[in-house]
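Geometric and topological summary
As a plain string of letters, each chain reads:
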Amino acid sequence: MTRNAEAALLIAAAVLAALGVAMVNFASGIGFDAQVALTFLVFVLSFGGVHLALRRWAPTANPYLFPIAAFLAAIGFIEVYRLDRDLAALQRWSLLVAAALAAFILFLLRDEGVAALRRYRYIFLLLAIGLLLLPLLPESWPLYGAEVFGSRLWVRVDLPFGDRTLSFQPGEVAKLLLTVFLASYLADRHLALATPRKIGRLSVPEPRQLFPVLVAAGASFLVLIYQRDLGASLLLFALFIGMMYVATARSAYLISGATLVAAGGVVAYQMFDHVQRRVFAWLHPFEDFTDTGYQIAQSLFALGSGSLTGSGLGLGRPDLIPAAATDFVFAAVGEEMGFAGSVAVITAYALLVAAGFGIALRARDVFRKFLAAGLTLVIGIQAFLIIAGVTRLLPVTGITLPFMSYGGSSLLANMVLISLLARISHGERT
Amino acid sequence: MPALFLNLLKLIFIVLIYLFLWQIGRSIGAHIGPAASSRPTKRVNELVVVRSDTLSGLRFPVGAGITIGRSSDADVVVDDPYASEYHFRIAVHNGSAVLSDLGSTNGTYVNGRRLTVPINLGKGDSVQIGNTIFEVR
């Protein structure tokens, strides 16, 4: 019965996407064209395919995960389409591939479920480290790293036919592999990590319990130094601290984590000029309006001019915001759908996170619990970091907004993430 | 006129968005709400034989743990050709009863699904081995 509700919601999301595209067309005087039908078709095909895979291989999975993902993808797609039709066409392909991969994951895990992943944790760890290092490959190799906007997190392959280049961000997949590794590692160790040592009435964590925290902090800092990627660095560290806290229920990890972030932030500020620029743009976006502050200032203008209900789809100027289709897609939504639209987006993320933690609470064993909590944290932290950056609550960290930002690697990784969550929720006791 | 129409369209779209989220939010409450793990579970007391050739209607207290099988050493001896010597065990820890299959040949079915990993039992669950069906009370 709930699967039917899922099907209805997925079709509704496809209708929303098509309606949005039609409105953009109407606003720019094109009227109905093939794009409307094409968008509807691609959404129905991709999410319908995943839906069938769920019916076949995980029939009791939580039926609301993919509808929320479809909703976010629809809202994001409308803005991407509105900004750049070529990107939108590519995004449709990415969606099809990502959905196929999500269905394939459900097929792969059909018998044992995610428990199968627990055994291969060191392989996943090595793969994740390898993927994180991949963008450092020299430019002369057939598979090479590339620097975009000062961050080195892209890998490119020149395809033999035509002049096409395939690029992807291996870090997007690495974060999934790391989550699986952490869940598996903590499932074996969480009891040892949770036992405190008492000094008088004060319980203090043992030094060896804090060791993994320091390792994680070090690794995140290395990502920051070599890839100059503030967002991925923060995401990895927050994910790690979050999972330690989930596994041990000890606030000592949160406190030591926050202290390390603060200390690391100060050190990073002293050491790197790109961090200094980000912080300066955050504190004084209008001081250096034409240069460092331009992006965040445009984002604030967009959010402000959006007002309560927005300018209407296709009627604002989100094209003025640099990276509006990727990192700053939330500002584009804020301009054209207003405060109402932005709140809807945040609500959708909140629902997704709530559903994810619900799955973690009811999962059958600790590994599944930790994995579900970790995957949920990945979505939640990403959404929080970039929305906070766009709205100037925090310095901009340059991370994609899950499901909404233009970008194949991100969409792929997040669809796989949701399919893992769905698979964990299959067979839970209600 | 088109401006008015566009404005109307914009508002309709926002209303549709919220209708969609409302649908999900309303139904998701049941899925998020008090989780099974934190739900006060009713204590499992006994196994009642619902269907069997020889044991029908008998009740077996679960206590701290109980082993079911064809062997005469099992706590509950079932006379069922499809049961293994030691078929499954129910162990009680901190008030929750966990059923694990003891490597039986023909498997243990809880609520009709074959068990692959140990599972938490609740009142009302049915446990089937071979032709014998128990109910958890």
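Each residue is numbered by its place in its chain's sequence as written, counting from 1. Chains and ligands are labelled by the order in which they are written, letters from A for the one and numbers from 1 for the other. Confidence filtering applies because this is a predicted model: local features only for residues at pLDDT of at least 70, side-chain atom pairs given and counted only at 80 or more, and all residues used for totals across whole chains, interfaces and linings. Excluding hydrogens and water, the side-chain figures rest on all heavy atoms present in the structure.

1. A short note on the overall build of chain A
Secondary structure elements follow DSSP: runs of H or I of four or more residues count as helices, runs of E of two or more count as strands, with numbering from the N terminus. Assigned secondary structure in chain A consists of 16 helices and five strands. Each radius of gyration reported is based on C-alpha atoms, and the globular scaling rule is 2.2 Å times the count of residues to the power 0.38. The C-alpha atoms of chain A give a radius of gyration of 22 Å, which matches the 22 Å a tight globule of 430 residues would have. To sort residues, take the accessible area from a 1.4 Å probe on protein chains only and compare it with the maximum for the residue type: under 20% means buried, over 50% means exposed, and anything in between is partly exposed. Buried residues in chain A amount to 54% of all 430 residues. Here a residue-residue contact requires only that any non-hydrogen atoms of the pair lie within 4.5 Å. The long-range share in chain A, meaning contacts at least 24 apart out of those at least 6 apart in sequence, stands at 70%. If you sum the accessible surface of chain A, you get close to 17,900 Å²; carbon and sulfur atoms cover 68% of it. Charge assignment: positive for Lys and Arg, negative for Asp and Glu; neither His nor the chain ends contribute. Here the site of a charge means atom NZ of a Lys, CZ of an Arg, CG of an Asp or CD of a Glu. Computing the positive centroid from 31 side-chain charges and the negative centroid from 25, chain A places the two 14 Å apart. Throughout, the Shrake-Rupley method with a 1.4 Å probe supplies accessible areas, and for residues the shown protein chains are the sole cover considered.

2. Some details on the overall build of chain B
Counting its secondary structure elements, chain B contains one helix and 11 strands. In chain B, the order of α-helices and β-strands from amino to carboxyl end is α-β-β-β-β-β-β-β-β-β-β-β. Per-residue burial for chain B yields a buried fraction of 39% across its 137 residues. With the model as given, the accessible surface of chain B reaches about 7,700 Å², and the carbon-plus-sulfur share is 56%.

3. Remarks on the sheet that holds strand β1 (residues 143–148) of chain A
By way of backbone hydrogen bonds, the strands of a sheet pair with one another, either parallel or antiparallel. Residue and element names in this part refer to chain A. Strand pairing is assigned whenever DSSP detects at least two bridges linking the two strands. The antiparallel open sheet is built from three strands, whose spatial order is β1-β2-β3. The strands lining the two open edges of the sheet, one partner per strand, are β1 and β3 (165–168). Across the sheet, the axes of successive neighbouring strands diverge by a mean angle of 35°, strand direction being ignored. Note: strand β2 (residues 151–158) against β3, four bridges, orientation antiparallel. Bridging from a neighbouring strand, Val157 pairs with Leu166 of β3. Only C-alpha atoms enter the line fits that serve as axes; for helices the fit covers just the stretch in contact. Angles between N-to-C directions range over 0 to 180 degrees.

4. Observations regarding the pattern of salt bridges
Residues and elements named next belong to chain A. Should a side-chain nitrogen of Lys or Arg be within 4 Å of a carboxyl oxygen of Asp or Glu, the pair is scored as a salt bridge. Across all of its chains, the model carries 12 salt bridges over all chains by this definition. Note that Asp188 is salt-bridged to Arg121, the shortest N-O span being 3.0 Å. Placement of Asp188 in helix α7 (residues 170–194) and of Arg121 in helix α6 (residues 121–133) is noted, with a sequence separation of 67 residues between them. A relative accessible area of 12% means that Arg121 is categorised as buried. A salt bridge links Asp319 to Arg317, with the nearest nitrogen and oxygen atoms 3.0 Å apart. On the basis of relative accessibility, which here comes to 47%, the residue Arg317 falls in the partly exposed class. A network of salt bridges, in which partner residues are shared, links Arg118, Arg121 and Asp188.

5. Brief notes about the packing of aromatic side chains
Residue and element names in this part refer to chain A. The criterion for an aromatic pair is that two Phe, Tyr or Trp rings (for Trp, the six-membered ring) have centres within 6.5 Å, with stacked assigned to planes under 30 degrees apart, edge-to-face to planes over 60 apart and tilted to the rest. Within this structure, the stated rule accounts for 13 aromatic pairs over all chains. For the pair Phe104 and Phe107, a centre-to-centre distance of 6.2 Å together with 35° between the ring planes defines the contact as tilted. Residue Phe104 and its partner Phe107 are located together in helix α4 (residues 85–108), separated by three residues, close to a single helical turn. A centroid spacing of 5.8 Å and a plane angle of 25° characterise the contact between Phe181 and Tyr185, whose relative ring orientation is stacked. In this pair, Phe181 and Tyr185 both sit in helix α7, four residues apart, roughly one turn of the helix.

6. Focus on the environment of Leu87 of chain A
Residue and element names in this part refer to chain A. Along the chain, the position of Leu87 falls in helix α4. The exposure class assigned to Leu87 is partly exposed, which follows from its relative accessible area of 22%. Through-space distance from the C-alpha of Leu87 to that of Tyr269 is 35 Å; in sequence the pair is 182 residues apart. What Leu87 contacts, discounting residues up to four positions off in sequence, is Val80, Ala325 and Tyr406.

7. Structural notes on the sheet that holds strand β8 (residues 113–114) of chain B
Residue and element names in this part refer to chain B. Spatially, the six strands line up as an open sheet ordered β2-β1-β11-β10-β7-β8, and their pairing is antiparallel. Looking at which strands have only one partner, the edges of the open sheet turn out to be β2 (59–61) and β8. Judged from the four bridges that link them, strand β1 (residues 46–51) and strand β11 (residues 132–136) form a sheet pairing that is antiparallel. Note that in β11 the partner of Val49 across the bridge is Phe134.

8. With respect to the packing of helix α9 (residues 230–248) of chain A against helix α10 (residues 251–271) of chain A
Residues and elements named next belong to chain A. With their axes 8 Å apart at the nearest point, α9 and α10 run at an angle of 165° to one another. In terms of their interaxial angle, α9 and α10 are classed as roughly antiparallel. Between α9 and α10 lies a crossing of right-handed hand. Packed against α9, whose contacting residues are Leu234, Phe237, Ile241, Met244, Tyr245 and Thr248, the element α10 presents Ser251, Tyr253, Leu254, Gly257, Leu260 and Val261 at the interface. Residues were grouped as follows: Ala, Val, Leu, Ile, Met, Phe, Trp, Tyr, Cys and Pro as nonpolar; Asp, Glu, Lys and Arg as charged; and all remaining residues, including Gly, as polar. Looking at the contact of α9 with α10 residue by residue, the classes come out as nine nonpolar, three polar and no charged. Geometric relationships in this document are graded by angle, where less than 35 degrees denotes roughly parallel, more than 145 denotes roughly antiparallel, 65 to 115 denotes roughly perpendicular, and other angles denote oblique. Crossings are assigned a handedness: left-handed for a near helix turned anticlockwise from the far helix by less than a right angle, right-handed for a clockwise turn.

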